[in-house]
Every structure is written in structure tokens, then in C-alpha cells.
Amino acid sequence: MATNTIDAALLQKMFLAGAKNLEAKKEWINDLNVFPVPDGDTGTNMTLTIMSAAKEVGALAVPDMEMLAKAIATGSLRGARGNSGVILSQLFRGFTKEMSGLDSLTVEDIARAAQRATETAYKAVMKPKEGTILTVAKGVSDKAAEVAEETEDIEEALLKIIEHAELVLSKTPEMLPVLKEAGVVDSGGQGLVVVLRGMYDALTGKVTDFKIEGVSKAKIAATGKNTGAAIENVDIKFGYCTEFIIMLDKEFDEKTEESFKAFLSSIGDSIVCVALDDIVKVHVHTNHPGQAFEKALEYGQLTKMKVDNMREEHNQKVIQQSEMEAAAKEETEKKKEKAPHKDFGFVTISAGEGLSEIFKELGVDEVIEGGQTMNPSTEDILNAADRINADTVFVLPNNKNIILAAEQAAELVEGKKLIVIPTKTVPQGITAMINFEASRNAQENADTMTEALSTVATGQLTYAVRDTSIDGKEIHKDDIMGLSDSGLAAVGKSIDQTLLELVDAMMNEDAELITLYYGSDISEEDAENAAAKVEEKYPDIDVELQMGGQPIYYYIVSVE
């Protein structure tokens, strides 16, 4: 039987299934990273982003489209991590703007929402690049518009959209040579396809487990800024979430299914009824679970019966949520009151005890632990900025994969101005801080700090986690790789020798200072020996050695 509309209850389940499917496949997506570094994190970032939204979505007891749209958009925007996560959140943002206010979605509605999702995501990226998740998203919206003219059956339409998305994904290596050389498709695009596949499995009844860990039903209703008040005002018309499976011993044809659904509609709402071979999976919100069971017994035996009292859970969560929010708000306000007010504050992202200490010595107020191995979320940056009692807060992402999340935080911040200095590396962040001058105004400092970034070159030394080929260089698992601002600069078997080759590739005639920040896997003695070799090779240039303490990367190198 054709499915021509999707209501909020079904869309809620589809979204949660998409999130769980992405979570299950995140490591596979991580492995698609072009550079075979041990911190490939596209799958992790996309998963953390969608799970931030899934926790809010899964906590909705009786959602309508507006509540669901707000939960998806707000949760994903604040939880967005990394470029892929931010783009995913922007796709959700665009889609939910179109669906908000509707009672249900048709194929035409989905097509319009998909188009708006793509447009929103493209606008969020300053220089959109084809062969990425954006290209796959565009393929989705183009195909959705096409199938909207061919069918009203959502199941048929979604399958065609996904198959086309997979086709577009398979062509991404032809659009980005670096993907082709590495022998992979775009990891972000793959993540989007995985989400869509999970949603389709929920639509067709293949997936029935929608529980998100750490979330209870009826936790919040995503309306308004005051979450506690929003919960309190929820009117739960049907109080029992009722689920069961019928093991058929009688014929259950389309006519019988329509009759059974009509009965369920007469006693409740949020109905999902999916017939698969000799079983029927049923979900309904009702005030009379017994009546649903009695009617279902006419068709066969029942199993997996489950009834949750949504009103009782709702009341308990109202109190818990209000108490948690009040405590968190009070703690934040206390911290802000203790700190003296000032014109400027600083938030930076850093991985490693030594690097964090350097930033604090330079005047940074809040250091967020993160970087290559863990990109902080938009909300992490917002919370850090909120703890600083300053009119203007500068944010130093120190990683190109964190810049979009920081810029998203700048759009969402309240009560102060947040300026993102687009630092792509730790050395750039240090240079930006050195070039700050309190006597300048905010814009003058932003301009000066940004201009100074071009004066420092950055290199990183790590190891390969798989075999591949990049820029014509063969790389084997466990090889040492030197990465510069322009890409792969050196490959070798020895840490010290590859470090020398990396520094050599970074050198220019104006170089005056080489700084080595050694990581947690390098001893002080080994670092001193490596620095001595660099000094021996470049006797006319100052060489400094600093304990960075960063994971994954043996050395971070700057040349100024």
C-alpha cells in the first residue's frame, strides 16, 4: 500500500533511525578520510552533530511538525562539529524551515524542503567545492524535484532519491582528483547517504528501534527558549504510548489493514502500522491500550507488547529539567560575576597541556580542549564565550575544520560580539595572539590578527593508518608523514629524518625562526636531539623547542 504522507510521529522515528544508522557506521566513514592520518573524524563529527539533535527529538513525547522542526534545527546547530557537521546542520536547518507549520509531508513538500536545505548549506560555505557532501545534497534535491512529478508514494520517491544520491556519491572521485588518487568517495557525502538509508529503513518498517541512549520520552517539548516552561505547557491528549507486534494467523490484506488503521485512528493518533510477511508492527498513542490489544487479537497472537505512561514521565521530567537548567544558569552567572568586566576576551581551541599553557600565558581566557582529534561543537564555543565577562570575544579555532562551527557560534551568540579569527593551525593562533593590541578597537585588532596569519607557515608530523597515494607519493601504513600548509610534504620511515624533510619543504628566504612543539609521544630527550639536527642544518636561523603535549602529532612546526 502506498504511503502518501508522513506525519510528525513517523518523521520523528525516521530521523532517529537516520541518526542511529550514522552512529553505527561512523568509523567506516572516518576511514574514508583522504589523508590517512589517525584522526580522520568526518564520521565522528557528523554523528555527534546529528546525535545532539536526536537527543532533543527523541525526548519529544507528542511532537507536531513545528516542535520537531525546532528540535532538529536547534539541536544540530548547537551540536555541530567540524565542517561536515556544520554543513549537515545547515541542511537540517533549511529542511526544517520548509516543513515547520505543516501537519504532514507529501513528496512535493519533501522536494521543496530538500531544495531549501541545499540552498541553505551552499550559502553557509564561503567557497563551496564540488565533489563533497554539498554535491550529494544537490543531487538529492534535484532528484526529489524530479520524482515529485512522477509519484505521490513517499516510499517509492525516497528510494529513487537515495539511489540517485549513491550514484552522485560514486562520481565524487571524478570531481575531486584527491579523492580519486586516494581511492575513496567523499566521506561527508557518504555520511549523508547513510542518514537517508536509515530514514528509509524506518519508513519501510525494517528498523523499529528508535531509542537514543541517555534520552527519556517526554523530556522536552522544543518550543520557545524557556525549555522548562515549554514542557509544562504540553497538552498530552493521548497518554499511553502503545507498541506491539501481531503474529498473523489470518489474512491481512490492504482492506484489512485500512480497517485496522481506521480503528486505531478512532482511539488515538501517531499511528504506525507496517505489515511484513506474517507479522504486523504497530505503534499508537491512545488512552485505551487494552482496546488496541483486543482489536489486534482478531488477527493473531501478540508479542513485544509495551505501554508507556507519557503523562507520568512528562511530569517527572518537567521537574528534573527545570532544576538542571536553573542550576546551570546560576553557576554560569556566578562565574561571570566573579570575573571583572573587560573590553576583550579570548577563546581558543587547543590539544595538549603545553600548547594550552602557552595560550593562557598569552592572555587567552578560555581554552577548549580539542583540535584535530576532537572538534568542539558550536555549543562548546558558545558556552566558553558566555563565561567571559567581555563585550567582544575573539575565537581562535586553530583548525580549518573548526572555523565553520565558530562562525556558526558567532551567529547564535547573545549579549556580546563574537569575532572569529580564521586560524587554521596552532602556530597561527599563537601568532594572532601575539599581534593583539589592547589599545586598538575590535575591528582593527581583527584585521591585524588576520593579516598576521600569512607570516607563519605550519607543518605537522604524524603517521599513516593505511596504504594510499597522495600527490604522487606512495604511502604505506605506519609511514611517517609530514603535512604542510600546501599538503603532503614528506614521507619516510624515520621521525627525525621526515621532520628534517618537512622543515626543508617549509623554508623560505625570509625565514628567521623555526619552532618545534613536541607531542605526547615524544620524550624531551628525543625532542632535544631532533631540535639539534634542525639547528645543525639551519645554523643561521633561530630554533626554539616547546613542549606541546599534543596527541597524534609527533611535532607541530612553525616557520616565521
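As a further point, take the packing of aromatic side chains. Using the criterion set out here, one finds 11 aromatic pairs in the structure. Aromatic side chains phenylalanine 244 and phenylalanine 293 sit 5.3 Å apart centroid to centroid with 70 degrees between the ring planes, which places their arrangement in the edge-to-face category. You can see phenylalanine 244 sitting in strand β3 (residues 240-248) and its partner phenylalanine 293 sitting in helix α14 (residues 289-296), a full 49 residues away along the chain. By relative accessible area, phenylalanine 293 is classed as buried at 16%. Aromatic pair phenylalanine 346 and phenylalanine 394: ring centres 5.6 Å apart, planes at 20 degrees, arrangement stacked. You can see phenylalanine 346 sitting in strand β7 (residues 342-350) and its partner phenylalanine 394 sitting in strand β9 (residues 390-396), a full 48 residues away along the chain. Each of the two residues, phenylalanine 346 as well as phenylalanine 394, counts as buried. One aromatic cluster in this structure is built from Phe344, Phe346, Phe394 and Phe436. Sitting over the face of the ring of phenylalanine 263, lysine 295 holds its NZ or CZ atom 5.6 Å from the ring centroid.

Moving on, we get to the pattern of salt bridges. Under the definition given, this model contains 20 salt bridges. Glutamate 156 is paired through a salt bridge with lysine 160; the nearest N and O atoms lie 3.2 Å apart. Of the two residues, glutamate 156 and lysine 160 both sit in helix α8 (residues 154-170), 4 residues apart, roughly one turn of that helix. Of the residues examined, glutamate 156 reaches a relative accessible area of 34% and is grouped as partly exposed. With its nearest N and O atoms 2.6 Å apart, the salt bridge here joins lysine 493 to aspartate 479. Within this pair, whereas lysine 493 is found in the loop between β15 (487-492) and α21 (495-506), its partner aspartate 479 is found in the loop between β13 (473-475) and β14 (480-484), the two being separated by 14 residues in sequence.

Below, the discussion takes up the sheet that holds strand β11 (residues 457-463). A sheet is described by the order of its strands in space; here 6 strands give the open sequence β15-β14-β11-β18-β16-β17, paired in mixed fashion. Two strands close off the open sheet at either side, each with one partner strand: β15 and β17 (542-547). Across the sheet, the mean angle from the axis of one strand to that of its neighbour is 20 degrees, orientation sign disregarded. In the sheet, β11 pairs with strand β18 (residues 555-559) via 5 bridges, with the strands oriented antiparallel. Each bridged residue has a counterpart across the sheet, and for glycine 459 the counterpart in β18 is valine 557. Together, β11, β16 (513-518) and β18 form the strand contacts of helix α19 (residues 426-434), whose direction differs from that of β18 by roughly 50 degrees. Strand contacts of helix α22 (residues 524-537): β16, β17 and β18, with the helix running at about 165 degrees to β17, the strand carrying the most contacts.

By secondary structure assignment, the location of alanine 296 is in helix α14. Look past the residues within four positions of alanine 296 in its chain and what remains in contact with it is Phe244, Ile246, Phe260 and Leu302.

This paragraph deals with unusual backbone geometry. In the Ramachandran plot, asparagine 398 falls in the positive-phi region, its phi being about 60 degrees despite a non-glycine side chain. Here asparagine 398 shows up in the loop between β9 and α18 (403-412). A positive phi angle is found at aspartate 478, which is not glycine, with a value near 75 degrees.

We now examine α21. Look at α21: 16 Å from first C-alpha to last across 12 residues, which is about the 16 Å you get at 1.5 Å a residue. Among the structural elements, β11, β14, β15, β16, α22 and β18 are those in contact with the buried residues of α21. Looking at where α21 begins, the residue whose side-chain oxygen comes 3.4 Å from the main-chain nitrogen of aspartate 496 is serine 494.

Our next topic: the side chain of threonine 120. Within the element layout of this structure, threonine 120 appears in helix α6 (residues 107-124). A relative accessible area of 15% means that threonine 120 is categorised as buried. In this structure the side chain of threonine 120 is engaged in a polar contact, spanning 2.8 Å, whose partner is the backbone oxygen of arginine 116. Beyond its immediate chain neighbours, meaning those up to four positions away, threonine 120 contacts Gln90, Arg93 and Gly94.

Calculation criteria
Residues numbered from 1 in each chain as written. Predicted model: local features only at pLDDT ≥ 70, side-chain atom pairs only at ≥ 80, totals over all residues. Heavy atoms only, no water. Phe/Tyr/Trp six-rings, centres within 6.5 Å; stacked < 30°, edge-to-face > 60°. Helix = DSSP H or I, 4+ residues; strand = E, 2+ residues; numbered from the N terminus. Buried < 20%, exposed > 50% of the residue type's maximum accessible area, 1.4 Å probe, protein only. Lys NZ or Arg CZ within 6 Å of the ring centre and 35° of its normal. Salt bridge = Lys/Arg side-chain N within 4 Å of Asp/Glu carboxyl O. Pairing = 2+ DSSP bridges. Axes fitted to C-alpha atoms, helices over the stretch in contact; angles between N-to-C directions. Contact = heavy atoms within 4.5 Å. Expected span 1.5 Å × (residues − 1). Polar contact = N/O pair within 3.5 Å; in protein donor to acceptor, adjacent residues only side chain to side chain.

Fair warning: the whole summary comes from geometry, so function is off the table for now.
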